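# Structure assessment
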Amino acid sequence: MSLLQNLTDQQKQWSAIIISTVLVLTLATYKFIYTVLPYSSEAIAQSLPQSIYEALDESGIESLSDHQMLDTQLTAEQQAHYSQLFQALVPEQSEHAELTKTYQLLFRSWEEKPNAFALANGTIVITDEMISLLNDDKQVQAVLLHEIGHVHHNHVVESMVKVSIVSVTLSILLGDISAVADILVSGASIGIGAKFSRDAETQADEYAAARLVALHGDNQAMVEVLQKLKTVSDENANYTSWLSSHPALDERVTHLNNHVHEFSH
Amino acid sequence: MDMQALQAEEEQLRQEIAKLPDEQKQYYYQQEKLKVKDPDTYAVLNWFVVVGLHHFYLGKFGRGAINIVLILLGLAFLELGGWIVLILVFLLELPQLFFSQRIVYRYNNQVMASILDEIHNKGIS
Ligand SMILES: [Zn+2]
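Here is a short report on the structure shown in this document. (Residues numbered from 1 in each chain as written. Chains lettered and ligands numbered in written order. Predicted model: local features only at pLDDT ≥ 70, side-chain atom pairs only at ≥ 80, totals over all residues. Heavy atoms only, no water.)

### A word on the packing of aromatic side chains
Taken as a whole, this structure holds 5 aromatic pairs over all chains when the rule is applied. With a centroid separation of 5.8 Å and 65° between ring planes, the pair formed by Trp14(A) and Tyr57(B) is classed as edge-to-face. Taken together, the residues Trp14(A) in helix H2 (residues 9–47) and Tyr57(B) in helix H4 (residues 54–57) connect one chain to another. Judged by centre distance (4.8 Å) and plane angle (45°), the ring pair of Tyr30(A) and Tyr34(A) falls under tilted. Of this pair, Tyr30(A) and Tyr34(A) both sit in helix H2, 4 residues apart, which is roughly one turn of that helix. Take Tyr30(A): its relative accessible area is 48%, and that puts it in the partly exposed class. Tyr34(A) sits in the exposed class, given a relative accessible area of 57%. The side chain of Lys37(B) reaches across the aromatic face of Tyr57(B), ending 4.8 Å from its centre. (Phe/Tyr/Trp six-rings, centres within 6.5 Å; stacked < 30°, edge-to-face > 60°. Helix = DSSP H or I, 4+ residues; strand = E, 2+ residues; numbered from the N terminus. Buried < 20%, exposed > 50% of the residue type's maximum accessible area, 1.4 Å probe, protein only. Lys NZ or Arg CZ within 6 Å of the ring centre and 35° of its normal.)

### A few points about the sheet that holds strand E4 (residues 123–127) of chain A
Taken together, 4 strands build an open sheet; the order of strands is E1-E2-E4-E3 (chain A) and the sheet is mixed. Across the chains shown, the open sheet's two edge strands, defined by having one partner strand only, are strand E1 (70–71) and strand E3 (116–118) of chain A. (Pairing = 2+ DSSP bridges.)

### Thoughts on the packing of helix H1 (residues 3–18) of chain B against helix H8 (residues 100–122) of chain B
Residues and elements named next belong to chain B. Relative to each other, H1 and H8 sit at 25°, their axes nearing to 10 Å. Looking at the two axes, H1 sits roughly parallel to H8. The two elements H1 and H8 cross, and the hand of that crossing is left-handed. Along the contact surface, H1 presents Met3, Leu6, Gln7, Glu9, Glu10, Leu13, Arg14, Glu16 and Ile17, while H8 presents Gln101, Arg102, Tyr105, Arg106, Asn109, Met112, Ala113, Leu116 and His120. Residue composition of the contact of H1 with H8, by class: 8 nonpolar, 4 polar and 6 charged. (Axes fitted to C-alpha atoms, helices over the stretch in contact; angles between N-to-C directions. Parallel < 35°, antiparallel > 145°, perpendicular 65-115°, else oblique. Left-handed = near helix turned anticlockwise from the far one by under 90°. Contact = heavy atoms within 4.5 Å. Nonpolar A, V, L, I, M, F, W, Y, C, P; charged D, E, K, R; others polar.)

### Thoughts on the interface of chain A and chain B
Taken together, the contact pairs 16 residues of chain A with 18 residues of chain B. Roughly 1,500 Å² of surface becomes buried between chain A and chain B when both sides are summed, with 79% attributable to carbon and sulfur atoms. Together, Gln13(A), Val24(A) and Lys31(A) form the three largest contributors to the area buried by chain A at its contact with chain B, with a combined 34%. The interface formed by chain A and chain B contains 1 salt bridge. With a closest N to O distance of 3.1 Å, Glu79(B) and Lys31(A) form a salt bridge. Connecting chain A to chain B are 3 residue pairs in polar contact (both at pLDDT 80 or more). Each residue belonging to the side of chain A that touches chain B can be placed in one class, and the counts come to 9 nonpolar, 5 polar and 2 charged. (Buried area = accessible area lost by both parts, 1.4 Å probe. Salt bridge = Lys/Arg side-chain N within 4 Å of Asp/Glu carboxyl O. Polar contact = N/O pair within 3.5 Å; in protein donor to acceptor, adjacent residues only side chain to side chain.)

### Focus: the pairing of E4(A)
Residue and element names in this part refer to chain A. Burial runs high along E4: 5 of the 5 residues are buried. Residues Thr123, Val125 and Thr127 line one face of E4 and the alternating positions Ile124 and Ile126 line the opposite face, and both faces are buried. Alignment of strand E2 (residues 104–109) against E4, held across 5 bridges, turns out to be parallel. Looking across to E4, one finds that Leu106 is bridged to Val125. Here 3 bridges tie E3 to E4, and the two strands are oriented antiparallel to one another.

### Let's talk about the packing of H1(B) against helix H2 (residues 22–35) of chain B
All names here are of chain B. Remark: H1 packs on H2, axes separated minimally by 10 Å, with the N-to-C direction vectors making an angle of 140°. When the interaxial angle is binned, H1 and H2 end up oblique. Residues Arg14, Ile17 and Ala18 of H1 touch H2, and the partners they reach there are Lys25, Tyr28, Tyr29 and Glu32. Per-class residue counts for the contact of H1 with H2 are 4 nonpolar, no polar and 3 charged.

### Here we look at the environment of Ser41(A)
All names here are of chain A. Here Ser41 is to be found in helix H2. In this structure the C-alpha to C-alpha distance between Ser41 and Ser164, which are 123 residues apart in sequence, comes to 9.2 Å. The contacts of Ser41, once residues within four sequence positions are left out, are Glu158, Val161, Lys162 and Ile165. One polar contact links the side chain of Ser41 to the main-chain carbonyl oxygen of Leu37, over a distance of 2.5 Å.

### As for a nonpolar patch on the surface
All names here are of chain A. A surface patch of nonpolar side chains, amounting to about 590 Å² of accessible area, comprises Val166, Val168, Leu170, Ile172, Leu173 and Leu174. As for its position among the elements, Leu170 is in helix H7 (residues 155–174). For Leu170, a relative accessible area of 35% translates into the label partly exposed. (Patch = residues over 30% accessible without salt bridge, like charges linked within 9 Å, V, L, I, M, F, W, Y side chains within 5 Å. Areas by Shrake-Rupley, 256 points an atom, 1.4 Å probe, with all protein chains shown as cover.)

### Examining the side chain of Glu158(A)
Residues and elements named next belong to chain A. Looking at where Glu158 falls in the secondary structure, it is placed in helix H7. Buried and without a salt bridge, Glu158 has Lys162 as its closest oppositely charged side chain, separated by 6.4 Å. With sequence-adjacent residues up to four places away left out, Glu158 is seen in contact with Ser41, Glu42, Ala45, His96 and His153. (Lys, Arg positive; Asp, Glu negative; His and termini not counted.)

### Digging into the pattern of salt bridges
Close approach of charged atoms allows side chains with opposite charge to pair. Residue and element names in this part refer to chain B. Per the counting criterion, the structure on display carries 4 salt bridges over all chains. When the shortest N-O distance is used, the salt bridge between Arg63 and Glu93 registers 2.6 Å. Of this pair, Arg63 sits in helix H5 (residues 61–76) while Glu93 sits in helix H6 (residues 82–93), placing them 30 residues apart in sequence. On the basis of relative accessibility, which here comes to 35%, the residue Arg63 falls in the partly exposed class.

Following this line, the structure appears as structure tokens:
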């Protein structure tokens, strides 16, 4: 208290001004990141024209070969089988009624690691390596449903918009950083490089779990897939695909187990 | 009070100051330099980064604190209508930007008068 009394009026006034500024800016930044950004990204992503979504998938498919994705080694029968499995899973409507997603499943071979990912408009790519890693159709369904969850909740475009808003905001605040922004945006525009937020991954997991429960009465397959991928990722420290962008696998399994609990009541 | 009245008021105060003996005059100017406020700083604090910091600048801690609490609450409950509070604070505080010259002029006259009062009452020598 004596310290406060020793301050001159002017010092007190400026202390109040500085403390208030810090408090308000801290809370404003927090709210911007956790409330304004997700909300506005979702709203902007929804209002983008359908043609952008289509173009994103086209350019995404074209760029697959740039990532050393080769033609699938699966037989025509195998492809037909999984396509049929996939078509049965396609939801009738997207989370956002104004968006009409066009779902399609593509097969590729990718030496690097088992992988599956979604593009903006409903193109989902699964690698031969992922399919051979999985034991049965239920597990393939789990992986496909997780990716469908990303499409259903529009995560690809939402994360692109989010990155764009952040880069624009940063370049306004810090001056021109267009170079950084370009890299970020082009990185996020292809599904392969897209890093979704933990929230998005959790949402996709929950979507898949709920759909699996509806289909089979439990989401065991999802838990099995996550455990299986964990073994693979433990073997290979460089593993950077289906999982590295995803929250810790153990956490996801725990989360899903809680889910099973919820659903069983 | 309009600008002309404020100028007249200042003129009157300046005449009073001129009548002070040299020693008191020196004390007066010391105090004035310390307490007088700058309208441009006031205007900047009114809107720059955080709205409403100008109250602190003029020593109105209560008013400033209410403002900051309202802004913090508005931010914290942004999605539950807090944004309305933010807009209200903004609408309430921003007009002072356009009157900043006059507000600070008036404040400075009051400061001058109170220093003169102090000199007259305490008989500072
Ligand atoms: Zn995912």
